[in-house]
Amino acid sequence: MLPLSSSDELIFFVNGRKVVEQKPDPEVSLLFYLRRVLRLTGTKFACGEGGCGACTVMVSRYNAMSKEIHHYPATACLVPVCSLHGAAVTTVEGVGSIRSRIHPVQERLAKCHGTQCGFCSPGMVMSIYTLLRNHPNPTPEQVTEALGGNLCRCTGYRPIVESGKTFCEPTACPAKGSGRCCLEQEEEEEPGSPHLREKMCTKLYDRDEFQPLDPSQEPIFPPELIRMAEDPSKRRLTFQGARTTWLAAVTLQDLLQLRADFPHAPLVMGNTTVGPDIKFKGEFYPVFISAAGLPELRLVNSEDGGVIVGAGHSLAQLSDALRSIVSEQPPEKTQTCRALLTALRTLAGAQIRSMATLGGHVATRATISDLNPILAAGKATIHLISKGERQIPLDSAFLEGSPEASLQPGEVVLSVSIPYSTQWQFVSGLRQAQRHENSMAIVNAGMSVQFEDGTSTIQDLQLFYGGVGPTVVSASRTCRQLVGRQWDDQTLGEACQGILGEVHLPPNAPGGQVQFRRTLLLSLLFKFYLSVRRGLSRLDPQKFPDIPEQFMSALEDFPIVTPQGIQMFQCVDPRQPLRDPVGHPVMHQSALKHATGEAVFVDDMPPLDRELSLAVVTSTRAHAKVTSIDTAEALALPGVVAVITAEDVPGKNNHQGEIFYAQSEVICVGQIVCTVAADTYAHAREAAKRVQIEYEDIEPRIVTVEQALEHNSFLSPERKIEQGNVEWAFKHVDQIIEGEVHVEGQEHFYMETQSILAIPGDEDKEMVLHLGTQFPTHVQEFVAAALNVPRSRIACHMRRAGGAFGGKVTKPALLAAVAAVAAHKTGHPIRFVLERGDDMLITAGRHPLLGRYKIGFMKSGLIKAADVQFYINGGCTPDESQLVLEFIVLKSENAYYIPNFRCRGRACKTNLPSNTAFRGFGFPQATVVVEAYMASVAAHCGLLPEEVREINMYKRTSQTAYKQTFNPEPLRRCWVECLEQSSFHARKQAAEDFNGCSYWKKRGLAAVPMKFTIGIPIAYYHQAAALVHIYLDGSVLLTHSGCELGQGLHTKMIQVASRELGIPTSYIHLSETSTVTVPNAVLTAGSMGTDVNGKAVQNACQTLMGRLQPVIRRNPRGTWEEWIKKAFEESISLSATGYFRGYQTNMDWDREQGDAFPYYVYGAACTEVEVDCLSGAHKLLRTDIFMDAAFSINPAVDIGQIEGAFVQGMGLYTTEELKYSPEGMLHSRGTNDYKIPTVSEIPEEFHVTLVHSRNPIAIYSSKGLGEAGMFLGSSVLFAIADAVAAARRERGLDRTFTLSSPASPEWIRMSCVDQFTDMIPWDDPSAFTPWATRVS
Ligand SMILES: Cc1cc2nc3c(=O)[nH]c(=O)nc-3n(C[C@H](O)[C@H](O)[C@H](O)COP(=O)(O)OP(=O)(O)OC[C@H]3O[C@@H](n4cnc5c(N)ncnc54)[C@H](O)[C@@H]3O)c2cc1C
Ligand code: FES
Ligand code: FES
């Protein structure tokens, strides 16, 4: 055992300052250390598993052998602080700050409008900064690659990439194919289109303002660390923590000794497997061994037979080594190396690739390893060392975990030998993941075939698959059987049958997607088969004919391309005064603070005296009686102060149907049963795991919409809108179709998880809360109800939220009540920050929807009758489900007039966590059903879906189905502009031509129109207030009722106040939203923030200006400061409230009519995609959006909202899949399982145009654009459907097929039915319980 008691000092540098930690704890991550110990809170926590990049820092190390300094990006959440001895860490604070000097990277991210909520921004800065430290003149591809491991939920990435690209050498016009060169459009231009009369601008920022990048100004590497690295008397280091010990070896011998002494201790290299295993799988290791930097693990030797790479190389260094080998050696020798290089480009993100090592990767033997199957196929060997040395093959025995072929306790992987391939050998790596990069493969493969020289006779075949079992598996029996056979179609057929017989994936396999995964086994093989035939033909074209031209497209995976685009908006009227900022692309008010990490989010607030952290214990059953809660073990743990249950709630535990702490019964998995308050979060979490809860299941357990319908389980009554005579019309149409569309839910995935600081007051039962919310009043109400005190005792402060998207409308109130009860019980301030997994589990998201339709139409495509029924999965409590449902019914006609129209909807009550508001509020789900029946009608009429859309679109001033009058003229303009400017028809023809020549890849185009409603059919929900103080120095403090969620609301409010008061924006300060300054504020949602608060701010400013008028009249040439001074001397009040009563909307559900919405936002989007029919991948080639912005108060903010919403919508409709077990448990609870778009998903070309119209009802004739772009993301879904339809047509399949959302790789692949899908055996659904079930 450990003879250890004392600890060495841990020495490293952070931002140039030396850190000497006397008591380093091996269980502490760098992220925790930065945030909690050093109080450097710019580095953010968002996932804790290396998957989001919010915690990116730069680590620099000196290599004593090469005398070089190596800078690399790392996710601080996975870096054990003990691993940093001798390293220099740079955080966003070290890059630059507003207080000292902002760095060009920070400045450009801010000025290019690359931040919205700002939570991801420090991570983005660090990724670009690290790239520039290594490559001061990067290529656009390097910028995109550097950002691949960073998630942003707000911006849609385009402006972030653009900020990075400003450091690249300017290239020729990148807007290839669009016909609109972006460089030529730096200046204002007047487009030829008759519809766009105003001068249009394209410049959202001014490059001339940027400071130049001067690499010589970067901080130097600390000389002390160089001395430490070169110190010949270095010795083993021991860091002794409370529960664990870290042993850092300095020589290979030392390492071997440690491995011998502690054979079960992990050898921590990149910690990208060990770290997540500890955190998420509950592994515990009393001892860690570290060997970072040992020169013996860092060698690269190129020998005659191949290359030997030291196990200590990071995957990024492995890429560099392989690249240099590929450039030196002839192509036939480097097939394995090139296959590895391709796999490395998409393996995780740049940070993980820089941390993870080759040895760690190989030794882990993960089933989804991207490298091991290729290494095995390429016949790599592993060099092991312990007391002796040995080589073992990296083969099926090793990968499948056979004990005799595995590492023995104490052994270390010293290096991996990768043999060169030969002329008659072919090696490939193939994979399919949910998204292009930073996503583990669903199935991957490494394949190799060796032919007898000069022939296509198989001498040796190796097929390895990952993702189809607990380990990487080999189809070795099939491979053996095929030796001696020719590489032809017959062999391929036998190989397919052999693999299906050999690689068994049970129907209930964890991970689900069983049919898809089985199909991928064959699809990937087929791709390999074709590439080998191609290779043979290149070797000897006479003997081996090439593959058919039509099949070529199967060979190439979609490249990751640097996105680009043009943003067009109306120029400001030249007559507008220069100092008036309205209409200008003003930078986000907090952008520089975001980029420097100085913007304070709730969890960045310093710890308070006696503060406790809160961890949750949630239900593991969907519907059960709670028979006992045993807290004894939890309470006995160190640091634990209290376990809080329903019994501790002094007031109401059930407020408006929302339950704070479950009492006798749980109604979903993830319901909060109790919380644990402790001195640290680690203690609270540990104790939470020890709370024992006994349950007794209750029937029925309802998880899906279908089950809810069976049990008649609803949250509220049906809502209906009807016009015309539907039944009569069905009798007088040419054709009737019926169909069903499923749209699954969506996780908000705001980057800042729900975070609350609840501070009990010393007097009068007061409670102060700091939190990120869209609805402080609601929080106040719920906390007051839980504590049984008047609302006046509860103060909610909201400075900013790190994204919200509807997820912070109602849920913060529930969580704040939970925290407030804990604060009340303990008397301590409570910090309650949900971990990503808990946040996803507890707070739920967008409602899954089932739509059923019956449509009657004429041969011309004119729809005469529609009967549509919607069901949403509301979950277990009311939340906002009824309102969402009402919106669905009202909005679901979208842009179409159907004279005989009936639409009904119901919100189902199920035992899932309660779904809630989400950007678009039901519209993005419901309109998929509408556009699906448009496409289906088109297919039946032999028309394009766009033609049917056009035929049925509103064309003149009309009444909606609920009898609200509106003028659709801007809709027509957006639609016509969109089709024209995107060259829809020409590109549609080109896509068809492409499809005719390409069997396995198909292109699809879709254009969708949109009529989006703004606001809420309840008038009092539109009221808003503002409070404006002018101080005697002329500075202004502005407060209003809206919340800053990243959408730029405060920025626009400052613009409004600046115009109204006639002063520069720099005079105006806007700090926070609070129930103390503006009471009874309504929620910030429904795209109404600027509309209603803008009017209130305007009102307050106009009141003040009215009061100042006499002073100004008397001294018209005076300055603002003089007027204010004078006004004060004349006892004129310099503080005013402003108020906006709201739009007078109404809805009478009994009469099925009303003026439900103040106005509509119109838009249209055209998208082109290419799909890979074999793998199910898709690539977004181009999107053109035309959005009716009326007059944009801030084009940069509005375009940012449109692009961000579009990309979020695209995620909803393509990559984002929530997986629930049939028992109602959410499987997908983190970045590993849930895939929001990354930078590589966005359109290669992304053009946005703001279309000008009038909207006199709103402030400055503007329109609310926060949500509308979301639905336009469905153009991607319909473009994919168009491409899939092309594939199906060619294969002679049904022209109509069932569309569902998301169009994931699984959906795409399984819809492109072919000989491979036909080979897959289907399982009898009654004979097994699937791993996951659809809940819509
Ligand atoms: C966010 C994220 C995304 C990822 N995406 C992908 C992906 O897309 N594709 C993919 O293939 N992988 C992916 N991975 C997995 C990643 O490749 C592995 O975690 C990584 O390669 C492990 O290397 P490491 O140095 O971090 O190992 P560690 O975590 O440090 O160690 C892992 C194990 O290996 C052992 N070990 C380490 N080095 C040696 C050695 N030299 N000799 C003997 N034993 C050793 C340790 O004892 C330990 O048990 C991802 C990981 C993360 C966190
Ligand atoms: S918090 Fe570290 S990568 Fe997400
Ligand atoms: S700005 Fe990127 S997550 Fe909000």
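Thresholds, definitions, all that
- Residues numbered from 1 in each chain as written.
- Chains lettered and ligands numbered in written order.
- Predicted model: local features only at pLDDT ≥ 70, side-chain atom pairs only at ≥ 80, totals over all residues.
- Heavy atoms only, no water.
- UniProt positions renumbered as here; feature names shortened; annotations may be inferred.
- Near = heavy atom within 4 Å.
- Polar contact = N/O pair within 3.5 Å; in protein donor to acceptor, adjacent residues only side chain to side chain.
- Nonpolar A, V, L, I, M, F, W, Y, C, P; charged D, E, K, R; others polar.
- Pairing = 2+ DSSP bridges.
- Helix = DSSP H or I, 4+ residues; strand = E, 2+ residues; numbered from the N terminus.
- Disulfide = S-S within 2.5 Å.
- Buried < 20%, exposed > 50% of the residue type's maximum accessible area, 1.4 Å probe, protein only.
- Phe/Tyr/Trp six-rings, centres within 6.5 Å; stacked < 30°, edge-to-face > 60°.
- Lys NZ or Arg CZ within 6 Å of the ring centre and 35° of its normal.
- Contact = heavy atoms within 4.5 Å.
- Axes fitted to C-alpha atoms, helices over the stretch in contact; angles between N-to-C directions.
- Parallel < 35°, antiparallel > 145°, perpendicular 65-115°, else oblique.
- Left-handed = near helix turned anticlockwise from the far one by under 90°.
- Core = buried A, V, L, I, M, F, W, Y, C linked by side-chain atoms within 4.5 Å.

Labelled according to an unreviewed UniProt entry, the protein chain appears under the name aldehyde oxidase, originating from Heterocephalus glaber. UniProt, in the comment section headed Subunit (unreviewed entry), describes the protein chain in these words: "Homodimer." According to the UniProt record, the Catalytic activity (unreviewed entry) comment for the protein chain reads "an aldehyde + O2 + H2O = a carboxylate + H2O2 + H(+)".

Peer 1: What am I meant to see in the site of ligand 1 here?
Peer 2: Near ligand 1, the surroundings consist of 34 residues, among which Met269, Thr272, Thr273, Thr357 and Asp370 are the closest. Measuring from an oxygen atom of ligand 1, one finds a backbone N or O atom of Leu267 at 2.8 Å. Class assignment for the residues of the shell around ligand 1 results in 17 nonpolar, 13 polar and four charged.

Peer 1: Please clarify how the pairing of strand E22 (residues 624–630) should be interpreted in this entry.
Peer 2: Regular strands place side chains that alternate from one sheet face to the opposite one. Both E22 and strand E26 (residues 665–666) contribute to a ladder of two bridges, which runs antiparallel. When the bridges of E26 are listed, Ala624 appears paired with Val666. Where E22 meets strand E28 (residues 692–697), six bridges bridge the pair, whose relative direction is antiparallel. Paired with Asp630 across the strands is Gln692, a residue of E28.

Peer 1: Just to check I follow, could you spell out the state of the cysteines for this structure?
Peer 2: Linking two cysteines covalently through their sulfur atoms gives a disulfide. This structure, assessed with the given rule, holds one disulfide. Disulfide pairing is shown between Cys201 and Cys571; the S-S distance is 2.2 Å. Sign of the S-S torsion, about 120 degrees for the bond between Cys201 and Cys571, identifies this disulfide as right-handed. Of this pair, Cys201 sits in strand E6 (residues 200–201) while Cys571 sits in the loop between strand E20 (567–570) and helix H19 (591–596), placing them 370 residues apart in sequence. The two residues Cys201 and Cys571 agree in class, both being buried. Cys796 carries a free sulfur, and the closest cysteine sulfur to it, the one in Cys1043, is 10.0 Å from it. Cys1312 takes part in no disulfide bond, and the closest cysteine sulfur, belonging to Cys1173, lies 3.9 Å away.

Peer 1: Quick question: what am I supposed to make of the packing of aromatic side chains here?
Peer 2: Given two aromatic rings, one states the distance between the centres and the angle between the planes to describe the pair. Tallied over the entire structure, the rule returns 35 aromatic pairs. Consider the rings of Phe426 and Phe451, whose centres lie 6.0 Å apart with planes at 65 degrees: the pair is edge-to-face. With Phe426 in strand E16 (residues 425–433) and Phe451 in strand E17 (residues 441–451), this pair connects stretches of sequence that are 25 residues apart. Judged by its relative accessible area of 9%, Phe426 is buried. Residue classification places Phe451 among the buried positions, given a relative accessible area of 0%. Between Phe1140 and Tyr1143, the ring centres sit 5.4 Å apart and the planes meet at 80 degrees, which makes this aromatic pair edge-to-face. Comparing Phe1140 with Tyr1143, the two get one shared label, buried. Clustering of aromatic rings is evident, with ring pairs tying together Phe426, Phe451, Trp487, Phe526, Phe528, Tyr529, Phe551, Tyr999, Trp1000 and Phe1316. A cation over a ring is seen here: Lys808 above Tyr750, with NZ or CZ 4.4 Å from the ring centre.

Peer 1: Got a minute to help me understand the UniProt feature "binding site: [2Fe-2S] cluster 1" (unreviewed entry) in the protein chain in this structure?
Peer 2: When the UniProt feature table is mapped onto this chain numbering, "binding site: [2Fe-2S] cluster 1" (unreviewed entry) sits at Cys47, Cys52, Cys55 and Cys77. Separation in sequence by 31 residues is not matched in space for these annotated residues, since their most distant C-alpha atoms are only 10.2 Å apart. With respect to the helices and strands, Cys47 occurs in the loop between helix H1 (30–37) and strand E3 (56–63). With a relative accessible area of 4%, Cys47 lands in the buried category. Among residues more than four places away in sequence, those in contact with Cys47 are Cys52, Lys279, Phe280, Arg836 and Thr1231. Tracing the chain through its elements places Cys55 in the loop between H1 and E3. Of the residues examined, Cys55 reaches a relative accessible area of 3% and is grouped as buried. The contact partners of Cys55, leaving out residues within four places of it in the chain, are Leu31, Thr43, Lys44, Ala74, Thr75, Ala76 and Cys77.

Peer 1: Explain the packing of helix H17 (residues 489–502) against helix H18 (residues 514–539) to me, please; I cannot follow it from the model alone.
Peer 2: Packed helices, taken two at a time, are described by the angle their axes make and the gap between the axes. One way to put it is that H17 packs onto H18 with a least axis distance of 10 Å and a crossing angle of 155 degrees. Judged on the interaxial angle alone, H18 and H17 are roughly antiparallel. With respect to the hand of their crossing, H17 and H18 are arranged in right-handed fashion. The residues of H18 that touch H17, namely those facing Asp489, Leu492, Ala495, Cys496, Ile499 and Leu500, are Arg518, Leu521, Leu522, Leu525, Phe526, Tyr529 and Arg533. For the contact of H17 with H18, the class distribution of residues is ten nonpolar, no polar and three charged.

Peer 1: Could you clarify how one ought to interpret unusual backbone geometry in this entry?
Peer 2: Backbone phi values are negative for most residues with the exception of glycine, while trans is the configuration of most peptide bonds. Cis geometry is adopted by the peptide bond preceding Pro700, which originates at Glu699 and carries an omega value of -5 degrees. Mapped onto the elements, Pro700 comes out in the loop between E28 and helix H22 (705–710). Between Ser1301 and the following residue, Pro1302, the backbone shows a cis peptide bond with an omega angle of 5 degrees. Topologically, Pro1302 is positioned in the loop between strand E49 (1300–1301) and helix H38 (1305–1311). Although it is not a glycine, Arg39 adopts a positive phi angle of roughly 60 degrees. Relative to the helices and strands, Arg39 is located in the loop between H1 and E3. The backbone phi angle of Asn894 is positive, close to 45 degrees, even though this residue is not glycine.

Peer 1: How should I be thinking about the nonpolar core in this particular structure?
Peer 2: Looking at soluble globular proteins, one finds that nonpolar side chains tend to be buried together. Counting 265 residues, the largest nonpolar core has Tyr465, Trp487, Tyr933 and Trp1120 as the members making the most contacts within it. With 13 residues, the single largest contributor to this core is H18. When residues no more than four places from it in sequence are discounted, the contact partners of Tyr933 are Ile737, Tyr853, Ile855, Ile863, Val868, Ile898 and Phe901. Of all hydrophobic cores here, the second largest spans 71 residues; its members include Val59, Leu84, Leu384 and Val472.

Peer 1: Any chance you could explain the sheet that holds strand E37 (residues 900–909) here in plain terms?
Peer 2: Adjacent strands of a sheet pair through backbone hydrogen bonds, lying either parallel or antiparallel. A sheet is described by the order of its strands in space; here six strands give the open sequence E29-E37-E36-E35-E30-E49, paired in mixed fashion. Two strands lie at the open edges of the sheet, namely strand E29 (719–723) and E49, each paired on one side alone. Bridge count for strand E35 (residues 849–857) against strand E36 (residues 863–875) is nine bridges, and the pairing is antiparallel. The residue of E36 that forms the bridge with Leu850 is Tyr871. Strand contacts of helix H28 (residues 923–941): strand E30 (735–743), E35, E36 and E37, with the helix running at about 35 degrees to E35, the strand carrying the most contacts.

Peer 1: Sorry if this is basic, but what is going on with the environment of Phe1191 here?
Peer 2: With respect to the element layout, Phe1191 can be found in the loop between strand E47 (1178–1188) and helix H35 (1195–1213). As for Phe1191 and Leu394, which are separated by 797 residues in sequence, their C-alpha atoms are 64 Å apart.

Peer 1: Is there a simple way to think about the side chain of His828 in this case?
Peer 2: The residue His828 is located in the loop between helix H25 (811–826) and strand E34 (830–833) in this model. Residues contacting His828, with those up to four places away along its chain left out, are Arg610, Leu612, Ala758, Pro760 and Ala823.

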